[in-house]
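Spelled out from the first residue to the last, the chains are:
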2 protein chains.
Amino acid sequence: MKVNTNPVRGMKDFLPDEAELRERVKRTIIDTYTSFGYRKIETPILEHLNLLQSGDGGDNEKLTFKVMKRGEKLKIDTAKEENDIADSGMRFDLTVPLTRIYANNQGNIPLPFKVIQADWVFRAERPQKGRYRQFMQCDIDVIGEKDIIAEIDLLIASSQALLNIGFEDFTIKINDRKVLKDLATKWGFSEEDHESVFITLDKLDKIGKDGVKKELIEKEYSHDAITAMWFDIGQFNIGEYNHIYLTDDLKKVIEGINLTSTGKFKIEFDPTLVRGMGYYTGMIYEIKYKDYPGSVGGGGRYDKMIGKRIGQDVPACGFSIGFERIVDIMLEEEQANSSIEKLAIIFDLEYHDIKRIYQEAETQRITNNYIVSVVNKEKKFGKQLKKLKDMGFTRFGELTDNHSAFTSKPLE
Amino acid sequence: MKVNTNPVRGMKDFLPDEAELRERVKRTIIDTYTSFGYRKIETPILEHLNLLQSGDGGDNEKLTFKVMKRGEKLKIDTAKEENDIADSGMRFDLTVPLTRIYANNQGNIPLPFKVIQADWVFRAERPQKGRYRQFMQCDIDVIGEKDIIAEIDLLIASSQALLNIGFEDFTIKINDRKVLKDLATKWGFSEEDHESVFITLDKLDKIGKDGVKKELIEKEYSHDAITAMWFDIGQFNIGEYNHIYLTDDLKKVIEGINLTSTGKFKIEFDPTLVRGMGYYTGMIYEIKYKDYPGSVGGGGRYDKMIGKRIGQDVPACGFSIGFERIVDIMLEEEQANSSIEKLAIIFDLEYHDIKRIYQEAETQRITNNYIVSVVNKEKKFGKQLKKLKDMGFTRFGELTDNHSAFTSKPLE
């Protein structure tokens, strides 16, 4: 049967050059976080649908891929709505599963719990360039630490991960939901309008301060409040002005991290930083790299979310490093190549014994740290060498007989 | 809202000790295969349902988790059967996606293509001890090599992966589908009964030769054929008898690998080896470790499967290393511990500056290769030390002031 061999809509296949880069970046991230004392956990791709629809996921909840019930549970004839035929779904982030696994094991987990997760998540978004419906998320979280040391640790560890990947000169933007709320109140927006105002303010990067003003006018908020906000946004790039709104905790985090960074990256207060998720309760942050739009990571404190599962608040904050964004930038900047030599040992089974071939391959692996592939000799030797080069081999060597010494040459 | 915080039925959460072991084993497997010249690819978890139901997956096709259509495509009211409400599903293996990605990129992939895949697959099996509905599969495949060097390379690389994980004294069992078919014909089973006879023979390990006989009698095959088979099975443990059925290719593979293994593992012919999947066309193999039931990996040649996608046969063979089985055995044999030292640096933000703390942590990482976690000092110090030990820390050190030298002690 002839079938469509494209990946399903909005999803992507990765051939070796890209897949190997992804593996290297993922390992660098995990290794860096591990060296800071974070520990990996794994949860299933599928979660109960009522957990994925409990309200903590915001708009992402609508993007859930739902999985059909099975066997007797599935009654298509009498089904009226989606939740009649589905009871689980594919996770849209790693935070919802984290709160679930913590709730399910709370008695056995000493706090603070410093966690790494690096795995697939799924969102049925409208497919667009550079955004896929399945993507890799790399998160760290600190559960059970109310002190700002949690934020400092997340941010220093994540910055070190970026440095280890090869990124420098990035900027951490930091704010606090409390600062945002105080500002909104000062401008004159009433408490129940805050979230809606923040959703508009979150677009500042894309639509500018005049765009924000226009959208808020369309939302019919008070002219005075909008004008006060518009004026402040224009002043926020002046450092001294910003400092009026800095809290003591923000000041400690910013000074501490700037002193530690030894100039390789910086952190600055951005009172207009919003971050999308409604569950944030304290500091929020994201990292900008050069002029690339969007961020290469971000996160915040969510002290109330675990409480919803276990009936008792537990402080928590997290950082999600922008794995897919980082890989895209590395491909754009051509930072993607590995430096390991790849050797093809060409042989002919008519003349060589298997023991000799594989012992030579192992010797080359151990002595020279080469990747070594054993390759059958083809009839057209010149053509074969060209193909090996296309496959990414950097060296080749021919086994001439079973007893002679082996030497290899660069493929040119 | 109070929700069920267990993982969905048949799936599993992994806390740090187990998740970190899994990460180490996965990396050892990928690194070994990479050093042999295999290259990683990644395909999406979801595949088109008609690909997952094309017949190559055998019984696994029935175990597919189906994913609901979305938006306008989903018409619950008029839906009659499952495929009216689902058009994609979660993959049950990595071989079906491999043939799809190859078919979709065949012009751009020089052969032979040596591939690594290591990712999640899903099967809605009845949950039972040690078997989960989501599990990790680690496969290698060689596409485009008809010569036995493909099998030799797969088996030596996979054996090396097992050695690198710490397994020794395992046995590769090898057979050829052609040998099986010749035997079945010799015994007197007609061609159309072969697959059914093999399905019963595949249970030999579990039910013994008398069990096999009984089941074949129930299936109402000829008494003479069953008796001939039963007699041969009894003789197969005698080496000389086996050799009657050995093909030249099997002989070359077995001698070659036994010479290369330097006694750390062995390979032997097993004319009763079946391997479940109907798509195998040539040599088949699996690896037994000590007395553990089942295998720690297996695979075979499937020269006809890619042809179904692209209309032209391409030789291929693969090996799937039993990741979940290996991790289970390591947990049972308590080979699970990492030897890296974990240091907690205990501080008090009232007295220490962040720069001093994080510079000391980085020094300890670089100088001693420790994992270093920065930890807030708690009121009850003795209790805190005990907790740190429970968390897996092996050393601790206290920052006394910002200028003194730092030393650490083992946690006892």
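Cut-offs applied
- Residues numbered from 1 in each chain as written.
- Chains lettered and ligands numbered in written order.
- Predicted model: local features only at pLDDT ≥ 70, side-chain atom pairs only at ≥ 80, totals over all residues.
- Contact = placed C-beta atoms within 7 Å.
- Helix = DSSP H or I, 4+ residues; strand = E, 2+ residues; numbered from the N terminus.
- Nonpolar A, V, L, I, M, F, W, Y, C, P; charged D, E, K, R; others polar.
- Pairing = 2+ DSSP bridges.
- Axes fitted to C-alpha atoms, helices over the stretch in contact; angles between N-to-C directions.
- Least-squares fit on C-alpha atoms with pLDDT ≥ 70 in both.
- Domains from an automatic or database assignment.
- Parallel < 35°, antiparallel > 145°, perpendicular 65-115°, else oblique.
- Left-handed = near helix turned anticlockwise from the far one by under 90°.
- pLDDT = per-residue confidence, 0-100.
- Buried ≥ 20, exposed ≤ 12 C-beta atoms within 10 Å, placed from the backbone.

**Student:** Would you mind going over the interface of chain B and chain A with me for this structure?
**Tutor:** Interface size is often expressed as the accessible area that is lost when the parts come together. Each partner contributes to the interface: chain B provides 83 residues, whereas chain A provides 84 residues. Per-element tally for the side of chain B that touches chain A: the top contributor is helix 1 (residues 16–35) of chain B, with seven residues. Its residues assigned to classes, the side of chain B that touches chain A shows 38 nonpolar, 19 polar and 26 charged.

**Student:** Would you explain the sheet that holds strand 14 (residues 395–398) of chain B in this entry?
**Tutor:** Residue and element names in this part refer to chain B. The four strands lie next to each other as 13-12-14-15, forming an open sheet whose pairing is mixed. In this open sheet, the two edge strands, each paired with only one partner strand, are strand 13 (371–376) and strand 15 (409–410). Pairing of strand 14 with strand 15 involves two bridges; the strand directions are antiparallel. Residue R395 lies in a different strand from strand 15, and its bridge partner there is P410. Sheet contacts for helix 14 (residues 354–368): strand 12 (342–347) and strand 13; angle to strand 13, the most-contacted strand, approximately 155°.

**Student:** Honestly, the relation of the copies chain B and chain A in this entry has me stumped. Any pointers?
**Tutor:** Here two copies of a chain appear, and what relates them is a rotation about an axis with a shift along it. The two copies are related by a screw operation: chain B maps onto chain A through 180° of rotation and 0.0 Å of translation along the axis, at an RMSD of 0.0 Å. Taken together, the rotation angle and the small translation identify this as a two-fold axis. Proximity to the rotation axis, assessed at the C-alpha, singles out V67 of chain B in chain B; its C-alpha lies 2.2 Å from the axis. Of the interface residues in chain B, 100% have counterparts in chain A that sit at the interface too, so the contact is made through matching surfaces.

**Student:** Explain the domain arrangement of chain A to me, please; I cannot follow it from the model alone.
**Tutor:** Here chain A is partitioned into domain 1 (16–167 + 296–332) and domain 2 (342–410). Relative placement of domain 1 of chain A and domain 2 of chain A: their C-alpha centres are 44 Å apart.

**Student:** Would you take a moment to explain the environment of I116 of chain B for this structure?
**Tutor:** Residues and elements named next belong to chain B. The topology assignment puts I116 in strand 5 (residues 113–122). Sequence separation between I116 and K40 is 76 residues; the distance between their C-alpha atoms is 4.4 Å. Ignoring anything within four residues of it in the chain, the contact list for I116 reads I30, Y33, T34, Y38, R39, K40 and I140.

**Student:** Can you help me understand the packing of helix 11 (residues 248–260) of chain A against helix 14 of chain B in this one?
**Tutor:** A pair of packed helices is characterised by two quantities: the angle between their axes and the separation of those axes. It is the contact of helix 11 of chain A with helix 14 of chain B, at a shortest axis distance of 8 Å, that shows an interaxial angle of 45°. Taken together, helix 11 of chain A and helix 14 of chain B sit at an angle that is classed as oblique. Pair helix 11 of chain A / helix 14 of chain B crosses with right-handed handedness. Residues G256, L259 and T260 of chain A of helix 11 of chain A form the contact with helix 14 of chain B, whose participating residues are I354, K355, Y358 and Q359 of chain B.

**Student:** What should I look at first to understand the confidence of the model for chain A in this one?
**Tutor:** The predicted coordinates ought not to be read in detail in places where the model reports low pLDDT. In the predicted model, chain A carries a mean pLDDT of 92, and 98% of its residues have values of at least 70. For this predicted complex, the interface score ipTM comes out at 0.94, while the overall pTM is 0.95.

**Student:** Sorry if this is basic, but what is going on with the pairing of strand 10 (residues 297–301) of chain B here?
**Tutor:** Residue and element names in this part refer to chain B. Most of strand 10 is tucked away: five of the five residues are buried. Here strand 10 shows two buried faces, one formed by G297, G299 and R301 and the other by G298 and G300. Here strand 9 (residues 283–289) runs beside strand 10; their pairing, made up of three bridges, is antiparallel. Residue pairing across strands places E286 opposite G298, the latter belonging to strand 10.

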